[in-house]
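Residues per chain are reported as follows:
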Amino acid sequence: MISYYQVLGVTPEATTAEIKQAYKLKLLSSHPDKTENVSAQVDIPLIKQAFTTLIDPTSRKQYDLTLLESTKLSGFNINGAGLDVYSLDDFDFDEGQEIWIKNCPRCTAHHSMSLTESDLERGTPDKEGGYDIIVQCNSCSLWIQVKYYEE
């Protein structure tokens, strides 16, 4: 599931001015007169909903709480504060299974940490133009933060 922050292309720390600017740019790039991309045109209601939610402080606060709870339920943390940070480059890519795998740095369990493409699509944008995601060892329950960038 894509967050409203991802819809507008801003971070959760974005200011009101940054949200307004991102909204205008997103609408312009999705406008039927500006693009022939039909899927971009369909996104306009979602763009408007994202803006309406994030621009209002009360709605944004409620949305952030809902987003945090949903990411906790799916095992992902939005900020990863206090966790050891790794790069996706620290993982091996298994072409056969199309997953990124890593041995746990604590218990050393073989390939006990893994990420799929759909996991990466749920990452949280960071301030450096990349993304963060939290990964758990399936053997000892260690959590780590993984930073990565789109190709």
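Shown above is the structure to which this text applies.
These numbers were taken from a predicted model, which means no experiment stands behind them. (Residues numbered from 1 in each chain as written. Predicted model: local features only at pLDDT ≥ 70, side-chain atom pairs only at ≥ 80, totals over all residues. Heavy atoms only, no water.)

A. Geometry of the layout of surface pockets. Its volume calculated, the largest pocket comes out at about 450 Å³. Around the largest pocket, the lining is made up of 21 residues, and of these E117, L120, Y148, Y149 and E150 lie nearest the centre. Looking at the lining of the largest pocket, the elements with two or more residues in it are α1 (4-8), α6 (117-121) and β7 (143-148). Of the residues forming the lining of the largest pocket, the biggest block, three residues, is contributed by α6. (1 Å grid on protein atoms, 1.4 Å probe; cavity = no way out; pocket = protein on both sides within 12 Å on 5 of 7 lines; lining within 4 Å. Points joined across faces, edges and corners; volume = space filled by probe spheres on them. Helix = DSSP H or I, 4+ residues; strand = E, 2+ residues; numbered from the N terminus.)

B. Seen up close, the sheet that holds strand β4 (residues 113-116). With antiparallel pairing, three strands are arranged side by side in an open sheet as β2-β3-β4. Edge strands, defined here as strands with exactly one partner in the open sheet, are β2 (92-94) and β4. Going across the sheet, the axis of each strand differs from the next one's by a mean of 30°, ignoring polarity. For β2 and strand β3 (residues 99-102), the ladder comprises three bridges, and the chain directions are antiparallel. Each residue of the ladder has a partner; that of D92, found in β3, is I101. (Pairing = 2+ DSSP bridges. Axes fitted to C-alpha atoms, helices over the stretch in contact; angles between N-to-C directions.)

C. Layout of the state of the cysteines. Inspection of the entire model under this criterion finds zero disulfides. Of all cysteine sulfurs, the one in C104 lies closest to C107, which takes part in no disulfide; the gap is 3.7 Å. The exposure class assigned to C107 is partly exposed, which follows from its relative accessible area of 29%. C137 takes part in no disulfide bond, and the closest cysteine sulfur, belonging to C104, lies 3.7 Å away. (Disulfide = S-S within 2.5 Å. Buried < 20%, exposed > 50% of the residue type's maximum accessible area, 1.4 Å probe, protein only.)

D. Main features of the sheet that holds strand β1 (residues 85-87). Reading across from one edge, β1-β7-β6-β5 is the order of the four strands in this open sheet, with mixed pairing throughout. The open sheet terminates on both sides in strands that have one partner only, identified here as β1 and β5 (124-125). Here β5 pairs with strand β6 (residues 131-136) via two bridges, running antiparallel. Across the sheet, P125 pairs through a bridge with Y131, a residue of β6.

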